[in-house]
Amino acid sequence: GAVVSQHPSRVICKSGTSVKIECRSLDFQATTMFWYRQFPKQSLMLMATSNEGSKATYEQGVEKDKFLINHASLTLSTLTVTSAHPEDSSFYICSAREVLGGRDTQYFGPGTRLTVL
Amino acid sequence: DAKTTQPPSMDCAEGRAANLPCNHSTISGNEYVYWYRQIHSQGPQYIIHGLKNNETNEMASLIITEDRKSSTLILPHATLRDTAVYYCIAINSGGSNYKLTFGKGTLLTVNP
């Protein structure tokens, strides 16, 4: 299957700082990428849909000014958590949508564990 | 997208087949059934998907009932590394509002 990478895999930061997470599709182009968040013992929750060359679409309850998304190319989307606070500590996972030969599949990155002190 | 229902947990002996059920009684004609799994502290891994025909790949087989109201994911020879949460999702893959909605899934525990 297609490969999606995330960087960094783990980050610890102080409260009030901003953190940028990168998501890359390594062997395919993705016009659409997605950002999820997962708290301990819970399922993945979609935060936003990122479309190349246009503004991201955020799910209800997700602050767009706090979670900045940039999808500058067909292989890269970034999520910036601005002014992070301890309650933003979570597992952030991206995915990239591949449409190939009539098959439509989302492939996920390995996730980024964010800890805000 | 149609709601799916899965048992919260299942056990399987190593080397035996693991059969994971999923109910999607309200699925519409253009919705596909996707299966993903998530091993602890990792991102979800795509397994397989299908519309109405049974599908098989190197990881698993997907059996969809003729009325499409339920399906079964089969891991033919489960190993300890198959222990994970398995998610069944019904979605219109060709739609513009293409979003995967993860439920609670089934925690499959493969025992030695």
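Residues numbered from 1 in each chain as written. Chains lettered and ligands numbered in written order. Predicted model: local features only at pLDDT ≥ 70, side-chain atom pairs only at ≥ 80, totals over all residues. Heavy atoms only, no water.

Caption draft 1: Spatial organisation of the layout of surface pockets. Residue and element names in this part refer to chain B. A volume near 580 Å³ is recorded for the largest pocket. For the lining of the largest pocket, the elements supplying multiple residues, two or more each, are β8 (84-91) and β9 (106-111). Among the elements that line the lining of the largest pocket, the one with the most residues is β8, at 3 residues. For the lining of the largest pocket, the residue count by class is 9 nonpolar, 10 polar and 3 charged. (1 Å grid on protein atoms, 1.4 Å probe; cavity = no way out; pocket = protein on both sides within 12 Å on 5 of 7 lines; lining within 4 Å. Points joined across faces, edges and corners; volume = space filled by probe spheres on them. Helix = DSSP H or I, 4+ residues; strand = E, 2+ residues; numbered from the N terminus. Nonpolar A, V, L, I, M, F, W, Y, C, P; charged D, E, K, R; others polar.)

Caption draft 2: Molecular detail of the pattern of salt bridges. On inspection of all chains with the given rule, the structure shows 5 salt bridges over all chains. Here A:Glu22 makes a salt bridge to A:Arg24, at a shortest N to O gap of 3.4 Å. For B:Asp82, the salt bridge goes to B:Arg37, with nearest N and O atoms at 2.8 Å. With B:Asp82 in the loop between β7 (70-75) and β8 and B:Arg37 in strand β3 (residues 32-38), this residue pair connects regions lying 45 residues apart in the sequence. Assigned by exposure class, B:Asp82 and B:Arg37 land together as buried. (Salt bridge = Lys/Arg side-chain N within 4 Å of Asp/Glu carboxyl O. Buried < 20%, exposed > 50% of the residue type's maximum accessible area, 1.4 Å probe, protein only.)

Caption draft 3: Seen up close, the sheet that holds strand β1 (residues 4-7) of chain A. Residues and elements named next belong to chain A. Read across the open sheet, the 4 strands follow the order β1-β3-β8-β7; overall the sheet is antiparallel. The open sheet has two edge strands, β1 and β7 (67-73), and neither has a second partner. Recorded for the sheet is a direction-independent mean angle of 15° between the axes of neighbouring strands. When β1 meets strand β3 (residues 19-25), the two strands line up antiparallel, connected through 4 bridges. In the strand pairing of β3, His7 is matched with Glu22. (Pairing = 2+ DSSP bridges. Axes fitted to C-alpha atoms, helices over the stretch in contact; angles between N-to-C directions.)

Caption draft 4: View of the interface of chain B and chain A. Taken together, the 18 residues of chain B in the interface contact 20 residues of chain A. A combined buried area of about 1500 Å² lies between chain B and chain A, and 48% of that area is made up of carbon and sulfur atoms. When the buried surface of chain B facing chain A is broken down by residue, B:Tyr98, B:Lys99 and B:Phe102 rank first, second and third, together holding 31% of it. Remark: the boundary between chain B and chain A carries 7 residue pairs in polar contact (both at pLDDT 80 or more). Elements supplying a minimum of two residues to the side of chain B that touches chain A: β3 and β4 (45-50) of chain B. Looking at the side of chain B that touches chain A element by element, the count peaks at 3 residues for β3(B). By residue class, the composition of the side of chain B that touches chain A is 8 nonpolar, 9 polar and 1 charged. (Contact = heavy atoms within 4.5 Å. Buried area = accessible area lost by both parts, 1.4 Å probe. Polar contact = N/O pair within 3.5 Å; in protein donor to acceptor, adjacent residues only side chain to side chain.)

Caption draft 5: Structural detail: the packing of aromatic side chains. Considering all chains together, one arrives at 11 aromatic pairs over all chains under this definition. Consider the rings of A:Tyr36 and A:Phe108, whose centres lie 5.4 Å apart with planes at 50°: the pair is tilted. In this pair, A:Tyr36 sits in strand β4 (residues 32-38) while A:Phe108 sits in strand β10 (residues 103-108), placing the two residues 72 residues apart along the sequence. Of the two residues examined, A:Tyr36 and A:Phe108, each falls in the buried class. Geometrically, the ring pair formed by B:Tyr32 and B:Tyr34 is tilted, given 6.4 Å between the ring centres and 50° between the ring planes. Assessed through its relative accessible area of 23%, B:Tyr32 is described here as partly exposed. (Phe/Tyr/Trp six-rings, centres within 6.5 Å; stacked < 30°, edge-to-face > 60°.)

Caption draft 6: Region of the structure containing the nonpolar core. Core analysis: the largest hydrophobic core is formed by 42 residues, its most contacted members being A:Tyr36, A:Phe108, A:Leu114, B:Tyr36, B:Leu100 and B:Phe102. Residues B:Leu62, B:Leu73, B:Leu75 and B:Ala90 belong to the second largest nonpolar core, which totals 22 residues. (Core = buried A, V, L, I, M, F, W, Y, C linked by side-chain atoms within 4.5 Å.)

Caption draft 7: Geometry of the side chain of B:Glu31. All names here are of chain B. Residue placement: Glu31 occurs in the loop between β2 (18-23) and β3. Despite being buried, Glu31 has no salt bridge partner; Arg68 is the closest side chain of opposite charge, sitting 6.5 Å away. Here Ser28 takes part through its backbone nitrogen, which lies 3.0 Å from a polar atom of the side chain of Glu31. Leave out the neighbours within four places in its chain, and Glu31 touches Asp1, Ala2, Thr26, Leu51, Arg68, Ala90, Ile91 and Asn92. (Lys, Arg positive; Asp, Glu negative; His and termini not counted.)

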